[in-house]
Amino acid sequence: MNATSVGTHAILRRAMPWVFVLIWSTGFIVARYGMPYAPPLKFLGLRYAFSLLLLMPLAVWLRTAWPRGGRQWLHLAVVGGLMQAGYLGGVWAAVKQGIPAGTVALIVGLQPLLTAVLVSAGGQRIHARQWLGLLLGFGGLALVVLHKLDGGELSAHNLLLSLLALCSITAGTLWQKRFVQPTSVWGALTIQLLAAMMISAPFALLEAEPVVWNGQLIAALAWSVLALTVGAGALLYLLIQRGAAVQVTSLIYWVPPVTALMGWALFHETLGPTTWAGMALVAAGVIAVTRQPTTVLIRR
């Protein structure tokens with residue numbers, strides 16, 4: 001590999017987290033477009049199905065190396081059930097059940113802190129600087145979504161669905177980091193989506209609300225498949241595989257601020273002083289979590 005290729009590869013690796021955050025942040029925008037015309041689990045079932053129709057031929061064309069051994073298939077299926085069916089199904093169903101968008105954002109925004117607690121309990125050291133960064137990031141997230149806490153109705157049902165989403169994505173992240181061996185991202189994503197579709201389908205059939213096909217729903221589905229599932233899903237798999245769990249999950253703190261900026265650009269939503277202050281805290285928190293400690297060399 002020549003110097004140019006090495007430099008390009010390094011740039012792409014540095015850009016991956018920010019591309020992931022930008023794409024992942026469109027999730028709530030897509031929900032705003034698509035949810036009026038389809039119940040949550042039916043929409044997600046269609047999203048999984050169309051994603052598989054795209055990924056399976058792609059995997060064959062690229063001659064994807066599939067995981068060896070049934071155990072790795074099982075681990076990837078568990079990750080898919082948790083991070084796709086559990087997390088997305090929980091968030092979408094909670095929003096459909098009337099929970100305020102800011103409340104669900106705060107609940108799932110606890111993921112970096114919960115991940116750090118579980119990692120620390122497992123014996124991995126979390127530096128004091130990283131704990132401080134996680135707390136700063138969550139404080140910033142709270143400021144960003146503060147103006148969205150009104151409206152909607154908080155109930156035991158939608159609160160449990162939100163907590164299900166939080167626990168699912170946290171467990172899925174740690175499960176992948178602990179048990180999943182490096183393999184082709186397209187093969188891994190295909191197995192995860194197959195598991196998610198199998199888990200979600202029975203619940204989707206119980207939804208009485210019909211799917212209303214129109215241009216807005218088709219556009220929301222197309223973006224969900226191409227950008228969120230295939231694009232962001234592949235990036236998240238690679239980020240977890242290559243990075244520390246606490247550092248990767250700290251990127252989630254960026255999602256509400258970036259979503260707020262998108263809401264300002266697309267829907268003319270206002271950004272007050274608390275939102276800007278929250279963004280600054282998020283930036284400081286993520287930098288503190290992800291910055292590598294400096295090694296001081298003492299010459300004798």
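1. Points about the overall build of the protein chain
Move 1: Check the secondary structure of the protein chain and you find 13 helices and zero strands.
Move 2: Ordered by position from N to C terminus, the α and β elements of the protein chain give α-α-α-α-α-α-α-α-α-α-α-α-α.
Move 3: A globule of 300 residues ought to have a C-alpha radius of gyration of about 19 Å, and the protein chain, at 19 Å, matches this closely.
Move 4: Dimensions of the protein chain along its principal axes, counting C-alpha atoms only, are 75 × 50 × 40 Å.
Move 5: Across the 300 residues of the protein chain, 47% fall into the buried class.

2. Thoughts on the nonpolar core
It is characteristic of soluble globular proteins that their nonpolar side chains tend to be buried jointly.
Move 1: One finds F20, W24, F43, Y87 and W92 to be the most contacted residues of the largest nonpolar core, which totals 80 residues.
Move 2: The element that contributes the greatest number of residues to this core is helix α10 (residues 215-242), accounting for 13 residues.

3. Describing the packing of aromatic side chains
For any two aromatic rings, the description comes down to two numbers: the centre-to-centre distance and the angle of the planes.
Move 1: With the rule as written, the count across this model stands at six aromatic pairs.
Move 2: Consider the rings of F43 and W92, whose centres lie 4.8 Å apart with planes at 20°: the pair is stacked. With F43 in helix α3 (residues 40-61) and W92 in helix α4 (residues 70-96), the pair connects residues that are 49 residues apart, well separated along the chain. The burial state of F43 is the same as that of W92; both residues are buried.

4. With respect to the side chain of E207
Move 1: Summarising the element assignment, E207 is placed in the loop between α9 (185-205) and α10.
Move 2: K42 provides the closest opposite charge to the buried, unpaired E207, separated from it by 5.6 Å.
Move 3: Within polar-contact distance, the side chain of E207 engages the backbone nitrogen of K42 at 2.9 Å.
Move 4: Apart from residues lying up to four places away in sequence, E207 is in contact with P39, P40, L41 and K42.

5. A short note on a nonpolar patch on the surface
Move 1: On the surface, F50, L53, W213 and I218 cluster together to form a nonpolar patch covering roughly 440 Å² of accessible area.
Move 2: We classify W213 as partly exposed; its relative accessible area is 48%.

6. Re unusual backbone geometry
Move 1: Look at R63: it is not a glycine, yet its phi comes out positive at around 55°.
Move 2: Within the secondary structure layout, R63 lies in the loop between α3 and α4.

7. Quick notes on empty space enclosed by the protein
Move 1: Applying the stated criterion across every chain, the model contains three cavities of 30 Å³ or more.
Move 2: One number sums up the size of the largest cavity: a volume of about 280 Å³.
Move 3: Lining the largest cavity we find 18 residues, and of these W24, G27, F28, Y87 and V91 sit closest to its centre.
Move 4: The set of elements that each furnish at least two residues to the lining of the largest cavity consists of α2 (27-34), α4, α5 (101-108) and α12 (255-267).
Move 5: For the lining of the largest cavity, the element with the most residues is α4, which contributes five residues.
Move 6: Residues of the lining of the largest cavity, tallied by class, amount to 15 nonpolar, two polar and one charged.
Move 7: When its volume is computed, the second largest cavity comes out at roughly 120 Å³.
Move 8: Taken together, 14 residues make up the lining of the second largest cavity; nearest its centre are M83, Q84, Q192, G233 and L236.
Move 9: Counting only elements with at least two residues in the lining of the second largest cavity, the list comes to α4 and α10.

8. Digging into the pattern of salt bridges
Move 1: Within this structure, the stated rule accounts for one salt bridge.
Move 2: Close ionic contact of K96 with E209 constitutes a salt bridge, the shortest N to O distance being 3.4 Å. With K96 in helix α4 and E209 in the loop between α9 and α10, this residue pair connects regions lying 113 residues apart in the sequence.
Move 3: On the basis of relative accessibility, which here comes to 33%, the residue K96 falls in the partly exposed class.
Move 4: Given a relative accessible area of 29%, E209 falls into the partly exposed group.

9. Things to note about helix α6 (residues 111-121)
Move 1: The complete set of buried residues in α6 reads Q111, P112, L113, T115, A116 and V119.
Move 2: Those residues of α6 that are buried are in contact with α5, α7 (128-145), α8 (156-179) and α11 (245-249).
Move 3: Following α6 by one or two positions, G123 has its phi on the positive side, about 105°.

10. Things to note about the packing of α4 against α8
Move 1: Between α4 and α8, whose axes approach to 7 Å, the crossing angle comes to 155°. The angle between α4 and α8 falls in the class roughly antiparallel. The element α4 and its partner α8 pack so that their crossing is left-handed.
Move 2: Each residue belonging to the contact of α4 with α8 can be placed in one class, and the counts come to 15 nonpolar, ten polar and no charged.

What counts and how
Residues numbered from 1 in each chain as written. Predicted model: local features only at pLDDT ≥ 70, side-chain atom pairs only at ≥ 80, totals over all residues. Heavy atoms only, no water. Helix = DSSP H or I, 4+ residues; strand = E, 2+ residues; numbered from the N terminus. Rg over C-alpha atoms; globule rule 2.2 N^0.38 Å. Buried < 20%, exposed > 50% of the residue type's maximum accessible area, 1.4 Å probe, protein only. Core = buried A, V, L, I, M, F, W, Y, C linked by side-chain atoms within 4.5 Å. Phe/Tyr/Trp six-rings, centres within 6.5 Å; stacked < 30°, edge-to-face > 60°. Lys, Arg positive; Asp, Glu negative; His and termini not counted. Salt bridge = Lys/Arg side-chain N within 4 Å of Asp/Glu carboxyl O. Polar contact = N/O pair within 3.5 Å; in protein donor to acceptor, adjacent residues only side chain to side chain. Contact = heavy atoms within 4.5 Å. Patch = residues over 30% accessible without salt bridge, like charges linked within 9 Å, V, L, I, M, F, W, Y side chains within 5 Å. Areas by Shrake-Rupley, 256 points an atom, 1.4 Å probe, with all protein chains shown as cover. 1 Å grid on protein atoms, 1.4 Å probe; cavity = no way out; pocket = protein on both sides within 12 Å on 5 of 7 lines; lining within 4 Å. Points joined across faces, edges and corners; volume = space filled by probe spheres on them. Nonpolar A, V, L, I, M, F, W, Y, C, P; charged D, E, K, R; others polar. Axes fitted to C-alpha atoms, helices over the stretch in contact; angles between N-to-C directions. Parallel < 35°, antiparallel > 145°, perpendicular 65-115°, else oblique. Left-handed = near helix turned anticlockwise from the far one by under 90°.

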